[in-house]
Amino acid sequence: MNIQNAQQQVDEWIQNHGVRYFNELTNMAQLTEEVGEVARIIARRYGEQSEKESDKGKDLGEELADVLFVVLCLANQTGVNLQESFEKKLDIKTKRDHDRHHNNEKLK
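Residues numbered from 1 in each chain as written. Predicted model: local features only at pLDDT ≥ 70, side-chain atom pairs only at ≥ 80, totals over all residues. Heavy atoms only, no water.

**What about helix α4 (residues 82-102)?**
For the record, the criterion: Note on conventions: DSSP H or I runs of at least 4 residues are helices, E runs of at least 2 residues are strands, and numbering of each starts at the N terminus. How far a helix is expected to stretch is found by multiplying one less than its residue total by 1.5 Å. N or O atoms closer than or at 3.5 Å make up a polar contact, with two conditions inside protein: a donor-capable atom paired with an acceptor-capable one, and, for residues adjacent in sequence, both atoms drawn from side chains.
Taking 1.5 Å per residue as the helical rise, α4 with its 21 residues ought to reach 30 Å, and the 28 Å between its terminal C-alpha atoms agrees with that figure. The distance from a side-chain oxygen at the start of α4 to the backbone nitrogen of Gln83 is 3.1 Å, and the residue carrying that oxygen is Asn81.

Put into structure tokens, the structure is as follows:
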């Protein structure tokens, strides 16, 4: 699945199940909440915080998918073609960062 197809799938889901998109500010708040859930899992599972028993069953992939869903919603409702934007950004990062990362002593 490419990003453009994912945007279309989210739009179809919203039309068939979600009634309408939440407004952009609500979706931004939701995105922040979902990123916080990802951060909680990462901090406890891979970081130095202890993992609570209630957090052990949480699925990181599912939480990352929640983040992606809201990002796709925001792209759809603001008219952003994420496929095009991602490809452009990847090209920029490739040109800008290739030598920088290879020359970074901290990464060796």
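**Comments concerning the pattern of salt bridges**
To keep it simple, the criterion reads: Only one rule defines a salt bridge in this text: a Lys or Arg side-chain nitrogen within 4 Å of an Asp or Glu carboxyl oxygen. Categorising residues by exposure relies on relative accessible area from a 1.4 Å probe, with only protein chains included: less than 20% of the type maximum marks a residue as buried, more than 50% marks it as exposed, and the intermediate range marks it as partly exposed.
Within the structure shown, the criterion is met by nine salt bridges. Notably, a salt bridge pairs Asp97 with Arg96, separated by 2.8 Å at the nearest N-O pair. Relative accessible area serves as the criterion here: at 5%, Asp97 is assigned to the buried category. A relative accessible area of 46% means that Arg96 is categorised as partly exposed. Lys108 serves as the salt-bridge partner of Glu105, at 3.7 Å between the closest nitrogen and oxygen. An identical accessibility class is assigned to Glu105 and Lys108; each is exposed. Via salt bridges that share partners, Lys93, Arg96, Asp97 and Arg100 belong to a single interconnected network.

**Focus: the environment of Val70**
Here Val70 shows up in helix α3 (residues 60-78). Along the sequence, Val70 and Asn103 sit 33 residues apart, while their C-alpha atoms lie 36 Å from each other.

**Topic: the side chain of Gln7**
Note the following rule: Only heavy atoms enter the contact rule, under which two residues are in contact if any of them lie within 4.5 Å.
Here Gln7 is to be found in helix α1 (residues 3-18). For Gln7, a relative accessible area of 8% gives the class buried. Polar side-chain contacts of Gln7 include one of 2.8 Å to the side chain of Asn76. What Gln7 contacts, discounting residues up to four positions off in sequence, is Leu72, Ala75, Asn76, Val80, Asn81, Leu82 and Gln83.

**Overview of the packing of α1 against α3**
The test is simple: Throughout, an axis means a line fitted to C-alpha atoms (over the contacting stretch in the case of helices), and angles, computed between N-to-C directions, take values from 0 to 180 degrees. Each angle receives one of four descriptions, namely roughly parallel if under 35 degrees, roughly antiparallel if over 145, roughly perpendicular if within 65 to 115, and oblique otherwise. Amino acid classes used here: Ala, Val, Leu, Ile, Met, Phe, Trp, Tyr, Cys and Pro are nonpolar; Asp, Glu, Lys and Arg are charged; the rest, including Gly, are polar.
One way to put it is that α1 packs onto α3 with a least axis distance of 9 Å and a crossing angle of 85°. In this view, α1 runs roughly perpendicular relative to α3, as classed from their interaxial angle. Counted together, Ile3, Ala6, Gln7, Val10, Asp11, Trp13 and Ile14 of α1 and Phe69, Leu72, Cys73, Ala75 and Asn76 of α3 form the full contact between these two elements. Here the residues of the contact of α1 with α3 sort into nine nonpolar, two polar and one charged.

**Thoughts on the packing of aromatic side chains**
Defined as follows: Aromatic pairing here means that ring centres of Phe, Tyr or Trp (its six-membered ring) are within 6.5 Å. Orientation follows from the plane angle: under 30 degrees is stacked, over 60 is edge-to-face, and everything else is tilted.
Counted under the stated rule, the structure contains one aromatic pair. Arranged with centres 5.6 Å apart and planes meeting at 90°, the rings of Trp13 and Phe69 form a pair that is edge-to-face. Separated by 56 residues along the polypeptide, Trp13 in helix α1 and Phe69 in helix α3 bring together distant segments of the chain.

**Some remarks on α1**
Under the convention used in this document: Note: the arc covers the axis-to-C-beta directions of the helix.
Taken residue by residue, α1 has Ala6, Gln7, Val10, Asp11 and Ile14 as its buried positions. For α1, the angular spread of the buried residues around the axis is 140°, confining them to a single face. The exposed residues of α1 that point more than 90 degrees off its buried face are Gln15, Asn16 and His17. Elements that come into contact with the buried residues of α1 comprise α3 and α4. A distance of 3.1 Å separates the backbone nitrogen of Gln4 from a side-chain oxygen at the start of α1, and that oxygen is part of Asn2. Immediately downstream of α1, the backbone of Val19 shows phi near 70°, a positive value.

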